[in-house]
Amino acid sequence: MKRLSNTPSGGAALRARLRLAFMVCLLGFSFGCTAVKLPSYTGQPVERYPNVQIKNGLAVATHPLTDKRESKNYFGLDLVSADILAIYVSVENRSPSSNFILLPERTSVRFGSDKEYAPFGSPRPKAGPKGGPDRYAVFATIFTVAAPLVFADEKQELDAGAINFHLFEEEFSPTTLAPAGQAWGFVYFQIPGLQKESRPCVFHFEGIETKSRAMVPYDFALEINRKE
Amino acid sequence: MHRHLFKPGLTLLLSAFFLTWFVGCRSVPQNEPVQSGRFSPSGDKIPLKVALRLPATNVWMGWLTREDCIQLTRAVFTEVQVQDPSGEPVGTDVQAILTPPSGWISRTMHTGISAWRDEIVTLRGVWILTDRNGEILWVDTIKARVRGSGHGPHMNRNGRQRVQTLLDGFAQKSYDSLRSAPAIREFANFKQK
């Protein structure tokens, strides 16, 4: 400031201030534009969730992410307002000897008797030599989850990329659970008009016991309450 | 404040900024073939005759090569019959069919802009083992992740090393998962009886 006060004219002082402001803006733009940091969802032990079912030694807990604050905290945006229902699924194999195949594409959300939704980008697979394997590539495609977000500048674009990446990272993936094994993650459903009303639905999940080939179904009655 | 250094300093800073910016905007070549490291297994193999069903498209070959896939499978199972999509049908003595990830899902996240950004690349693929009737015996999702600074993974030597690390990690995790899967061992034991 001493230097500025010694300048011969007010114009020079203004130029010096503008230079300083430009430098600050440039540095701020360069180092300030970082993508939003999103924490991984910290799941609780299965027993702590209100929606728990245990069948044939396979314990499954579910938690629909409808709380606006919780959604913004973990995904950077309110998923329900984008018509996306994210259901957290936590699975524990408590059987001493059975293995279970878990396929998220075989989950569904049903409203009433007629409206049933498959997970995002997940056609029902038909395993087998003719058709199955290639279709498995599709289920994980949640790239367009962030599509409703139209971003204008680079900071927002970075954030959209980070959100998209986070959705991908947190997704429940198909796996085979060995005894004492655990699996968790989110299954995403795109449901038009989701944010407009609170309504009950049934979330269907299933495990397949590898030895007997028996399918173990789980149906959770969930209330999709819009929480601010 | 040394005023005489201001202009050169500003010019240098702006030049560096825009240079790195445009380098960052350079297009990243797609499906550039990257050779994954050789895979060296050890230990007992699973006593199962498996047909390795390679996918119809060659797009995925840019990530994990056909040879790597065969080598990995042969390191896990006692007998492997490689089956190309256009090849002969599965032999009658084949007990299971292994399908490597045909659709690679990769995501890249940039944590900043231009030259100061970090990049996280995650690769995800699903291995599926079915019986001769197409019933799923075992399925697992393998994820590999790598983080580094700079622009696209293919852009420079460091980027190539990151891709190599990613693929090696994927191959190793695939190998570990196949070998340690109780469901596959269970099926192999059942077939042995």
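Once a new chain begins, its residue numbering starts again from 1 and follows that chain's sequence as written. Naming scheme: in the order in which they are written, chains are lettered from A and ligands are numbered from 1. Under the rules for a predicted model, residues below a pLDDT of 70 receive no local features and side-chain atom pairs below 80 are neither given nor counted, while totals for whole chains, interfaces and linings still include all residues.

## Regarding the overall build of chain A
Part 1 of the argument: A run of H or I in DSSP becomes a helix once it reaches four residues, and a run of E becomes a strand once it reaches two; helices and strands are each numbered from the N terminus. Counting secondary structure elements, chain A contains five helices and 10 strands.
Part 2 of the argument: Three classes are used. A residue is buried when 20 or more other C-beta atoms lie within 10 Å of its own, exposed when 12 or fewer do, and partly exposed in between, with C-beta atoms placed from the backbone. Classification of the 228 residues of chain A by burial places 37% in the buried group.
Part 3 of the argument: Placing C-beta atoms from the backbone, we regard two residues as in contact once those atoms come within 7 Å. Residue pairs at least 24 apart in sequence account for 65% of intrachain contacts in chain A once pairs closer than 6 positions are excluded.

## Describing the overall build of chain B
Part 1 of the argument: From N to C terminus, chain B includes four helices and six strands.
Part 2 of the argument: Reading the secondary structure of chain B in the N-to-C direction produces α-β-α-β-β-β-β-β-α-α.
Part 3 of the argument: Counting across all 193 residues of chain B, residues that qualify as buried make up 35%.
Part 4 of the argument: Across chain B, contacts joining residues at least 24 apart in sequence account for 71% of those joining residues at least 6 apart.

## Section: the sheet that holds strand β3 (residues 84-93) of chain A
Residues and elements named next belong to chain A.
Part 1 of the argument: Pairing between strands requires that DSSP locate at least two bridges from one strand to the other. Reading across from one edge, β1-β2-β3-β8 is the order of the four strands in this open sheet, with antiparallel pairing throughout. The open sheet has two free edges, formed respectively by β1 (51-55) and β8 (182-190), since each of these has just one partner strand. The average angle at which neighbouring strand axes cross in this sheet is 20 degrees, direction not considered.
Part 2 of the argument: Relative to strand β2 (residues 58-64), β1 is paired through five bridges, and the arrangement is antiparallel. In this description, a line fitted to the C-alpha atoms serves as the axis of each element, helices being fitted only across the stretch in contact, and the angle between N-to-C directions of two axes falls anywhere from 0 to 180 degrees.

## Quick look at helix α2 (residues 66-76) of chain B
Part 1 of the argument: Considered for burial, the residues of α2 of chain B that qualify are Asp 68, Cys 69, Leu 72, Thr 73 and Val 76 of chain B. The arc that holds every buried residue of α2 of chain B, seen down its axis, measures 130 degrees, which confines them to one face. Starting at the helix axis, one direction is taken to each C-beta atom, and the arc is that of these directions.

## Brief notes about the pairing of strand β3 (residues 96-99) of chain B
All names here are of chain B.
Part 1 of the argument: Covered by surrounding structure in β3 are Ala 96 and Leu 98 together with Ile 97 and Thr 99, the residues of both alternating faces.
Part 2 of the argument: The sheet contact formed by strand β1 (residues 46-53) and β3 spans three bridges and is parallel. Bridging across to β3, Ala 51 finds its partner in Ile 97.
Part 3 of the argument: In terms of strand pairing, β3 meets strand β5 (residues 118-130) through three bridges, oriented antiparallel. Bridged to Thr 99 within β5 is Ile 128.

## Focus on helix α3 (residues 68-75) of chain A
Each turn of an α-helix holds 3.6 residues, which means side chains three or four residues apart point in the same direction.
Residues and elements named next belong to chain A.
Part 1 of the argument: Listed in full, the buried residues belonging to α3 are Ser 71, Tyr 74 and Phe 75. Looking down the long axis of α3, one finds its buried residues gathered within 80 degrees of arc, a one-sided arrangement. Facing away from the buried surface of α3 by more than 90 degrees, the exposed residues are Arg 69 and Asn 73.
Part 2 of the argument: With its phi angle positive at about 80 degrees, Gly 76 sits one or two positions after the end of α3.

## Things to note about the confidence of the model for chain A
Residues and elements named next belong to chain A.
Part 1 of the argument: pLDDT is defined as a per-residue confidence score from the predictor, taking values between 0 and 100. Counting all residues, the mean pLDDT for chain A is 77, and 72% of those residues have values of 70 or more.
Part 2 of the argument: Mean pLDDT across the elements of chain A bottoms out in helix α4 (residues 132-139) (34) and peaks in strand β4 (residues 100-102) (97).
Part 3 of the argument: For the stretch residues 1-5, pLDDT sits under 50, and the model shows three contacts to residues farther than four places along the chain or on other chains.
Part 4 of the argument: Considering only residues more than four positions removed or in separate chains, one finds that residues 123-152, a stretch of pLDDT under 50, has 61 contacts.

## A few points about the confidence of the model for chain B
All names here are of chain B.
Part 1 of the argument: Per-residue pLDDT for chain B has a mean of 75; in total, 64% of the residues score no lower than 70.
Part 2 of the argument: Taken as a whole, residues 22-37 scores under 50 in pLDDT and shows 27 contacts with residues more than four places along the chain or in a different chain.
Part 3 of the argument: The ipTM for the predicted assembly is 0.74, set against a pTM of 0.74.

## Some words on unusual backbone geometry
All names here are of chain A.
Part 1 of the argument: The phi torsion at Asn 56 lies on the positive side, around 50 degrees, for a residue other than glycine.
Part 2 of the argument: A positive phi angle is found at Arg 213, which is not glycine, with a value near 65 degrees.
Part 3 of the argument: Relative to the helices and strands, Arg 213 is located in the loop between β9 (199-209) and β10 (215-224).

## Remarks on the environment of Arg 213 of chain A
Part 1 of the argument: Given 12 C-beta atoms within a 10 Å radius, Arg 213 of chain A is considered exposed.
Part 2 of the argument: Between the alpha carbons of Arg 213 of chain A and Phe 100 of chain A there is a distance of 9.2 Å; along the sequence they are 113 residues apart.

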